[in-house]
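# Structural overview for review
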Amino acid sequence: MPDQPSPNQAPAPTKLEGVARVIAVSSCKGGVGKSTVAANLAVALAKSGMRVGLADVDIYGPSAPIMFGVDERPGPGEDEKIPAVKAHGISLMSMGFFLDDNAPVIWRGPMAMSATRQFLRGVEWGELDILIVDLPPGTGDIVLTLCQEIPIDGALVVTTPQDVALADVTRGIAMFGKVNTPVLGVIDNMSAYVCPDCGTRDEIFGARRPDQLAAELRLPLLGEVPIDIAVRESGDAGAPIVVSSPDHPVAKAFMHISKHVMDAIEKLDDAKRAPEPVEIAQEKEREVVRIKWSDGLLTEYALSGLRGWCPCAGCQGHGGERRFVPSGNPRLQRVEAVGNYAIRFCWADAHDTGMYSFDYLRELAEMDECKPSS
Ligand code: ADP
């Protein structure tokens, strides 16, 4: 394997103490109900018996203090860490506890990033099965930094079904791909208004059905949540609807979503044990090979990089250290599976002795030479 990591590789994220899994809830647009979903999902998972934390790092619009009815500022605990607040069965921490209600948040990028970083590591979370992180909307620096520094197991995308939201979601999914964070699925919030009297379904944010939405985004659908005044009211009153009205259809929808999220996490765990390619495609115009992996990762390789890092003995010699062997403008003819551990790339100049193990291919995706130029 290549010995030196390339200079633009981010350091490996380190785990949060006591936290088994971290799931990020993201939205690519503000106001689509990301925090409402994060809050209800957290309490729904706790109701299923899990030890759950919620970190509200939406620095520009923290809403957990209102949604959980907590207004005291938590004090310092042991080791200068701040103990998470207990609310509705979960361990909660919000940037909102430390911000002045009346002052606008005008932190510039680096300051906001370092505050977010310190915030997550400076909390005494206790032992958690799962920490839900309510991210700021969009794909800005805070989101990127978090994904690179905290080992996020998977991201959930919350959106409304309208075109303008979808364009942003697509950008968000691409960003998670870049930082190697698998997207577990999409939650279609405010999918429709169902009249409680006559049952008519009014598609306020567009006629796209939830399964259609998921198919367009090529993501699993984790569930839909209709627009309902009770959702807004319970959030404003300091108790997510899953807590305040557990029999309400929307509360039940959140319980279903939490089950689907757990299923998605289990699948991810399985895939993590041994990620393998599920789809290999060549984009001829871009001279790129694209591999979709069983853990949801999508990697791309410039043909010249792939060929240059050919692992065969002829290319590598016997010196011990891996070396890059440039070969002009290689053309790929076909790809063959070698058992269930490697892939053979057969090049147009008849060179076909390189067997690229799955692990090696994952490493190569990080090498500068393999990064596509466009
Ligand atoms: P975001 O975190 O994406 O900015 P919020 O979760 O703060 O969005 O939601 C924005 C507003 O929409 C809040 O007032 C919330 O109560 C309301 N809301 C969210 N989801 C629903 C829903 N399914 N039905 C009714 N109101 C909702």
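None of these values were measured; they are calculated from a predicted model. (Residues numbered from 1 in each chain as written. Predicted model: local features only at pLDDT ≥ 70, side-chain atom pairs only at ≥ 80, totals over all residues. Heavy atoms only, no water.)

### Observations concerning the overall build of the chain
Across its full length, the chain holds 12 helices and 17 strands. Computed over the C-alpha atoms, the radius of gyration of the chain is 23 Å, within 12% of the 21 Å expected from 2.2 N^0.38 for a compact globule of 374 residues. Considering only C-alpha atoms, the chain reaches an extent of 70 × 55 × 40 Å along its principal axes. A buried classification covers 48% of the 374 residues belonging to the chain. Sequence separation of at least 24 residues holds for 67% of the intrachain contacts in the chain that already meet a minimum separation of 6. (Helix = DSSP H or I, 4+ residues; strand = E, 2+ residues; numbered from the N terminus. Rg over C-alpha atoms; globule rule 2.2 N^0.38 Å. Buried < 20%, exposed > 50% of the residue type's maximum accessible area, 1.4 Å probe, protein only. Contact = heavy atoms within 4.5 Å.)

### Quick word on the pattern of salt bridges
Throughout the structure, instances matching the rule amount to 19 salt bridges. A salt bridge links arginine 290 to glutamate 283; the shortest N-O distance between them is 2.3 Å. (Salt bridge = Lys/Arg side-chain N within 4 Å of Asp/Glu carboxyl O.)

### Focus: the sheet that holds strand β14 (residues 298-302)
A sheet is described by the order of its strands in space; here three strands give the open sequence β12-β13-β14, paired in antiparallel fashion. Two strands lie at the open edges of the sheet, namely β12 (277-283) and β14, each paired on one side alone. This sheet shows a mean twist of 20° between the axes of neighbouring strands, independent of strand direction. Summarising the sheet, β12 and strand β13 (residues 288-293) pair through six bridges and their orientation is antiparallel. The residue of β13 that forms the bridge with alanine 281 is arginine 290. (Pairing = 2+ DSSP bridges. Axes fitted to C-alpha atoms, helices over the stretch in contact; angles between N-to-C directions.)

### Structural notes on the domain arrangement of the chain
Along its sequence, the chain is organised into domain 1 (22-272) and domain 2 (277-370). A straight line from the C-alpha centre of domain 1 to that of domain 2 covers 38 Å. Contacts between the two partners involve five residues from domain 1, matched on the other side by four residues from domain 2. With both chains or domains summed, domain 1 and domain 2 bury close to 380 Å², and 55% of this area falls on carbon and sulfur atoms. (Domains from an automatic or database assignment. Buried area = accessible area lost by both parts, 1.4 Å probe.)

### What to know about the sheet that holds strand β16 (residues 342-347)
Strand pairing in a sheet relies on backbone hydrogen bonds. The paired strands run either parallel or antiparallel. One open sheet accounts for three strands, arranged β15-β16-β17; its pairing is antiparallel. Two strands lie at the open edges of the sheet, namely β15 (332-338) and β17 (355-357), each paired on one side alone. Going across the sheet, the axis of each strand differs from the next one's by a mean of 30°, ignoring polarity. Two strands pair when backbone bridges link them, and β15 and β16 are joined in this way by six bridges, in the antiparallel orientation. Looking at the pairing, arginine 334 lines up with cysteine 346 of β16.

### Looking at the packing of aromatic side chains
Scanning the model with the defined rule gives six aromatic pairs in all. On the numbers, 6.5 Å between centres and 80° between planes, the contact of phenylalanine 97 with phenylalanine 98 is edge-to-face. Owing to a relative accessible area of 5%, phenylalanine 97 belongs among the buried residues under this scheme. Between tryptophan 293 and phenylalanine 358 the ring centres are 6.2 Å apart and the planes differ by 85°, which places this aromatic pair in the edge-to-face class. A residue pair is termed long-range when its members are at least 10 positions apart, and tryptophan 293 in strand β13 and phenylalanine 358 in helix α12 (residues 358-364) qualify at 65 residues. Look at phenylalanine 358 and you get buried, because its relative accessible area is 12%. (Phe/Tyr/Trp six-rings, centres within 6.5 Å; stacked < 30°, edge-to-face > 60°.)

### Quick notes on a negative patch on the surface
On the surface, Glu78, Asp79, Glu80 and Glu124 cluster together into a negatively charged patch. With respect to the element layout, glutamate 124 can be found in strand β6 (residues 123-124). (Patch = residues over 30% accessible without salt bridge, like charges linked within 9 Å, V, L, I, M, F, W, Y side chains within 5 Å. Areas by Shrake-Rupley, 256 points an atom, 1.4 Å probe, with all protein chains shown as cover. Lys, Arg positive; Asp, Glu negative; His and termini not counted. Charge placed at Lys NZ, Arg CZ, Asp CG, Glu CD.)

### Observations regarding unusual backbone geometry
Look at glutamate 287: it is not a glycine, yet its phi comes out positive at around 55°. The topology assignment puts glutamate 287 in the loop between β12 and β13.

### As for the site of the ligand
Taken together, 15 residues sit near the ligand, with Gly31, Lys34, Ser35, Thr36 and Pro226 positioned nearest. One of the backbone N or O atoms of lysine 34 is found 2.8 Å from an oxygen atom in the ligand. Considering the ligand on its own, with 560 Å² of exposed area, one finds that the protein chains cover 80% of that surface. Those elements giving two or more residues to the shell around the ligand turn out to be α1 (34-47), β9 (183-194), β11 (221-227) and α7 (229-236). (Near = heavy atom within 4 Å. Polar contact = N/O pair within 3.5 Å; in protein donor to acceptor, adjacent residues only side chain to side chain.)

### Examining the state of the cysteines
In total, this model carries zero disulfides according to the counting rule given. Between cysteine 310, a free cysteine, and cysteine 312, which holds the nearest cysteine sulfur, the sulfur-to-sulfur gap is 3.7 Å. For cysteine 310, a relative accessible area of 1% gives the class buried. In this structure cysteine 346 is not part of a disulfide, and its nearest cysteine sulfur, from cysteine 310, lies 11 Å away. (Disulfide = S-S within 2.5 Å.)

### Notes on the nonpolar core
Core analysis: the largest hydrophobic core is formed by 87 residues, its most contacted members being Phe68, Trp125, Leu131 and Ile132. In this view, phenylalanine 68 contacts Ala39, Val43, Leu54, Ala87, His88, Ile90, Leu92, Gly238 and Pro240; residues no more than four positions away in its chain are not counted. Counting residues in hydrophobic clusters, the runner-up holds 23 residues, among them Val289, Tyr301, Cys312 and Leu361. (Core = buried A, V, L, I, M, F, W, Y, C linked by side-chain atoms within 4.5 Å.)

### Notes on the environment of isoleucine 130
Examined against the element boundaries, isoleucine 130 turns out to sit in strand β7 (residues 130-134). Between the C-alpha atom of isoleucine 130 and that of isoleucine 23, which follows or precedes it by 107 residues, the distance is 7.2 Å. Those residues in contact with isoleucine 130 that sit more than four places away from it in its chain are Arg21, Ile23, Leu45, Arg51, Val52, Gly53, Met262 and Ile265.

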